[in-house]
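Overview (structure and organization)
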Amino acid sequence: MTRHGKNCTAGAVYTYHEKKKDTASSGYGTQSVRLGKDAIKDFDCCSLSLQTCRDPVITGDGYLYEKEAILQYILHQKTEIAKKMKAYEKQKRALKSEGQQESTSEERERAEKFKQRENNIVSKPINPFTSGKSKDGESQKASTSSSSSDTGESSSAPTLPSFWIPSLTPEAKPTLLKKPSKTVLCPMSGCPLKMSDLISVRFTPLDPSLDRVALLTRQDRYVCAVTKDTLGNSVPCAALRPSGAVVTMECVEKLIRKDMVDPVTGDKLKEKDIIPIQRGGTGFAGSGVDLKAKEARPVMQA
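The rules behind these values
Position labels on residues start from 1 in each chain and follow its written sequence. For this predicted model, a pLDDT threshold of at least 70 governs which residues receive local features, and a threshold of 80 or more governs which side-chain atom pairs are given and counted, while totals over whole chains, interfaces and linings are taken from all residues. Here the side-chain values reflect all heavy atoms present in the structure, with hydrogen atoms and water set aside. UniProt positions are given in the numbering used here, feature names are shortened, and annotations may be inferred rather than shown by experiment. Where helices and strands are cited, they refer to DSSP runs of H or I of at least four residues and of E of at least two residues respectively, numbered from the N terminus. For every residue, the accessible area obtained with a 1.4 Å probe (protein chains only) is divided by the maximum for its type, and the residue is called buried under 20%, exposed over 50%, and partly exposed between those limits. Throughout, a residue-residue contact means that at least one pair of heavy atoms, one from each residue, lies within 4.5 Å. Surface accessibility in these figures is a Shrake-Rupley result with a 1.4 Å probe; residues are shielded only by whichever protein chains are displayed. Any two strands with at least two DSSP-identified bridges between them are counted as paired. Interaxial angles span 0 to 180 degrees and are taken between N-to-C directions of axes, which are lines fitted to C-alpha atoms, for helices over the stretch in contact. Nitrogen and oxygen atoms within 3.5 Å of one another constitute a polar contact, given that in protein one can donate a hydrogen and the other can accept it, and given that sequence-neighbouring residues count only through two side-chain atoms.

Naming follows an unreviewed UniProt entry, where the chain appears as Nitric oxide synthase-interacting protein of Cirrhinus molitorella. Its UniProt record, at the heading Catalytic activity (unreviewed entry), says of the chain: "S-ubiquitinyl-[E2 ubiquitin-conjugating enzyme]-L-cysteine + [acceptor protein]-L-lysine = [E2 ubiquitin-conjugating enzyme]-L-cysteine + N(6)-ubiquitinyl-[acceptor protein]-L-lysine." UniProt lists a comment for the chain under the heading Function (unreviewed entry), and it reads "Negatively regulates nitric oxide production by inducing nitric oxide synthase translocation to actin cytoskeleton and inhibiting its enzymatic activity."

Moving on, we come to the overall build of the chain. A count of helices and strands for the chain gives five helices and ten strands. A total of 302 residues make up the chain; the buried ones form 23% of that total. Residue pairs at least 24 apart in sequence account for 54% of intrachain contacts in the chain once pairs closer than 6 positions are excluded. Surface summary for the chain: the accessible area is close to 22,500 Å², and the carbon and sulfur share equals 55%.

This paragraph deals with the sheet that holds strand β9 (residues 274-276). The strand order across the open sheet formed by three strands is β8-β7-β9, and the pairing between neighbours is antiparallel. In this open sheet, the two edge strands, each paired with only one partner strand, are β8 (246-248) and β9. Ignoring which end each strand starts from, the neighbouring axes of this sheet average 35° apart. Examined bridge by bridge, strand β7 (residues 237-240) and β9 share three bridges and lie antiparallel to one another. Counted as the bridge partner of Ala238 is Pro276 from β9. Along the sheet, helix α5 (residues 249-259) makes contact with β7, β8 and β9, crossing β8 at roughly 90°.

Looking at the element boundaries, Leu206 is found in the loop between β5 (204-205) and α4 (212-216). Its relative accessible area of 32% is what places Leu206 among the partly exposed residues. For the pair Leu206 and Asp229, spaced 23 residues apart in sequence, the C-alpha separation works out to 9.2 Å. Not counting residues within four places of it along the chain, the set of residues in contact with Leu206 comprises Arg218, Asp220, Arg221, Tyr222 and Val223.

We now examine unusual backbone geometry. Notably, Leu50 is not glycine yet its phi reads approximately 60°, a positive angle. Here Leu50 is to be found in the loop between β1 (31-34) and β2 (56-58). Given a relative accessible area of 52%, Leu50 falls into the exposed group.

Next up on the list: the side chain of Ser243. By the element assignment, Ser243 lies in the loop between β7 and β8. With a relative accessible area of 9%, Ser243 lands in the buried category. Separated by 2.8 Å, the side chains of Ser243 and Asp262 make a polar contact. In contact with Ser243, other than residues within four places in its own chain, are Arg202, Asp262, Val264 and Thr265.

And the structure:
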């Protein structure tokens, strides 16, 4: 292919580059872009602030957080849950009072109907020799009273709201709130999260003589606590629950799983005490992370 082959329009083949260029300019079709290394979180960065952790903690699912950031998140979620619960309790009390009012109104209606039926019972003997004029007059009075009551009800009835607004239709009802869950969920995994579930993590620096600022400017900052191998996004690693030390998964498989003993503290380990750290990817391999960003747009159909 020549130097200007990508922009050549005299070819008989509709190339991939031309198709991609037309898709970007037309506004139709889903666009996808491959992310670079700079757009991927490092293994030692907080999942909330995306900055290097000063006081790192890890959850049971392997997500790393800055201690201050995750505690602020948990407190914020608890206050939000308390607000939602307060609104739900208020709605519950309102519905309960409405139910009581409806029950009392139904009891009143039943009492009024019973009283009317009792008043309609004839207690005096009917004189068969009287004319039916009085009956006709009474029926006319009853009809006029009923018509007047109907007109009064229609005049006092509220005006019909705008039918084209769903919230103003006669059938519209206020949206009922659902009972909120009291459990705080992890922002990454969505599993229940408590403050007591957070485990402190201790990274072993590459050079203990360097201060934190000098350490952050380096690309290789931390090493395995046992084998002293350099840690990075391309190296699977795990945190040990008793000591919080970070070791490579190769060290876990070859050394630690034989005796199931923490090499730092000497405590016995269980399978749940070995927590694989969720890491980002690299510019070349996915490493469990999707490296493509997609934007869904309408598609033209013939």
